[in-house]
Structures are given as structure tokens and as C-alpha cells.
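Observations on the three-dimensional arrangement
Residues per chain, in single letters:
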Amino acid sequence: GAVVSQHPSWVICKSGTSVKIECRSLDFQATTMFWYRQFPKQSLMLMATSNEGSKATYEQGVEKDKFLINHASLTLSTLTVTSAHPEDSSFYICSASSYSFTGTDTQYFGPGTRLTVL
Amino acid sequence: AQTVTQSQPEMSVQEAETVTLSCTYDTSENNYYLFWYKQPPSRQMILVIRQEAYKQQNATENRFSVNFQKAAKSFSLKISDSQLGDTAMYFCAFMKHGAGGTSYGKLTFGQGTILTVHP
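Quick summary incoming for the structure in this document. Given the structure is predicted, the values throughout are model-derived calculations rather than measurements.

Focus on the interface of chain A and chain B
Counting residues at the interface gives 22 residues for chain A and 21 residues for chain B. Roughly 1,800 Å² is buried in total at the junction of chain A and chain B, and carbon and sulfur atoms are behind 55% of that figure. Applying the counting rule to chain A against chain B returns one salt bridge. With a shortest N-O distance of 2.6 Å, K106 of chain B and E59 of chain A are connected by a salt bridge.

Written out as C-alpha cells, the structure is:
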């Protein structure tokens, strides 16, 4: 149980274009989803927290107009990187939690998406 | 604000031996959770073990166990009978317990420890 998927696993795009990454909880309804960014051999940096039907809460320093997050249903959250530039190249990871389903606040992670902006 | 510190950037161990990864944290909270996550080369984050701060008994999961010292704010992970598949980056993480507030459900991660298991 508590499986989270991400799509795509790897995406290459041209500078200036937008890219959408999907995060799905496959066997549970996630009340909260989180989006992280990770550079090689470094820790995870929380970008934003999203609750179904509500606006995402962004961490300090994260541009909300650049990283658009939509949590339209209890099983799907999307991250759109708008007008991507090479410095946005990174590994993006989502996680989901649901106390009512799992009985804990434990976060379960997706497999991540590698974004390369040329 | 909470901080989590993993002071060992890299460690190595021989297959079948035991290794302990260190983690310390700083918080003014009394109720919280602590986690160890594993990130193998595939980069999939995998939950290894979870500890509730109110429980005095140390959590165990098969070959993985923790030494939770609440007063010292220490939360180390012991891996027994190390296997090649244990090679990964290990993250210690803190989560505040309780509903509400901007920090609800958020994880604070340590810097990570890269563990290599040698045959």
C-alpha cells in the first residue's frame, strides 16, 4: 500500500518552454502532497505543500509564478515549471500523506522526475 | 524551527557487518516523529523506519533498528548484517506532531549520509 507515481520520469525541454510533472497516489487518497527539489548528492529541499482544493503553500524563496502547483483531486497533484531555464534543471520529487488512510502522517514518495532544460 | 544534522557525509562497511549512522536534531517540540529514509541509486525514497517521540521503545524493522535518545536529541540508525542492496544515501528526518500550523506534516531532512556496502 501507499504507492505514489510520477510522470514523466525524465523530461528534456528547450529553454523558455513549460513542463508539467504529475504526481499520483495510486492506492490511497492523499490529503496533502509535497513537492521537493534535489541536486545530486544533496538533501531534499521542500518547494511547496498542497492540499486538495486549496492553493499551494510555497516555501520562502520559491517563485510561485514559476512553479505552478495544482492539487485538483485527492489522487493527483501537478507541478508546472513555466518558462524553464537551464538553472531549473534538477530532480523533482513529490510525496503524499494521508492520516486517514495510513494512520500516520508518514510521507510516501514518488520515484522522481529528472528535468533537463537545454 | 527544527534542524537535523547528519555529521557523517560518507561511510562504508563490509558485507555482513554492522554499521551505525548518526543523526542529531534540535527542537523545542515535545511531540514529534523521526524517520530514516533510504535513497538508493534509483533515487526512489524509501521509508526505512519511523519512531514516535512519545514511545520509549526503540523502533526496529528486521535488520534496521534505531537508538533513540530523546534527552540527548539523538536518533541513530543501526544496520545489521549489511547487504549490497543497502548501498544508498540515508536521510534522517523530523516531523512535528499534531494538526494545524504551517509546519504541519512537513519533513525537515538532514544532509544525508552516503553508505557504501563492499563485498
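Re unusual backbone geometry
Here the bond from H7 of chain A into P8 of chain A is cis, since omega is 0 degrees, no more than 30 degrees from zero. If you trace the backbone, P8 of chain A turns up in the loop between β1 (4-7) and β2 (10-13). At N62 of chain B, a position not held by glycine, the phi torsion is positive, near 55 degrees. Even without glycine at this site, D81 of chain B takes up a positive phi of about 50 degrees. Looking at where D81 of chain B falls in the secondary structure, it is placed in the loop between β9 (74-79) and β10 (88-96). By relative accessible area, D81 of chain B is classed as partly exposed at 40%.

Describing the sheet that holds β1 of chain A
All names here are of chain A. Strands sit in the order β1-β3-β8-β7 across an open sheet of four strands; the sheet is antiparallel. If you trace the sheet from one side to the other, it starts and ends with β1 and β7 (67-73), each paired once. Across the sheet, the mean angle separating the axes of adjacent strands is 15 degrees when strand polarity is ignored. Where strand β3 (residues 19-25) meets strand β8 (residues 76-81), six bridges bridge the pair, whose relative direction is antiparallel. What sits directly across from E22, in β8, is T78.

Rules used in this analysis
- Residues numbered from 1 in each chain as written.
- Chains lettered and ligands numbered in written order.
- Predicted model: local features only at pLDDT ≥ 70, side-chain atom pairs only at ≥ 80, totals over all residues.
- Heavy atoms only, no water.
- Contact = heavy atoms within 4.5 Å.
- Buried area = accessible area lost by both parts, 1.4 Å probe.
- Salt bridge = Lys/Arg side-chain N within 4 Å of Asp/Glu carboxyl O.
- Helix = DSSP H or I, 4+ residues; strand = E, 2+ residues; numbered from the N terminus.
- Buried < 20%, exposed > 50% of the residue type's maximum accessible area, 1.4 Å probe, protein only.
- Pairing = 2+ DSSP bridges.
- Axes fitted to C-alpha atoms, helices over the stretch in contact; angles between N-to-C directions.

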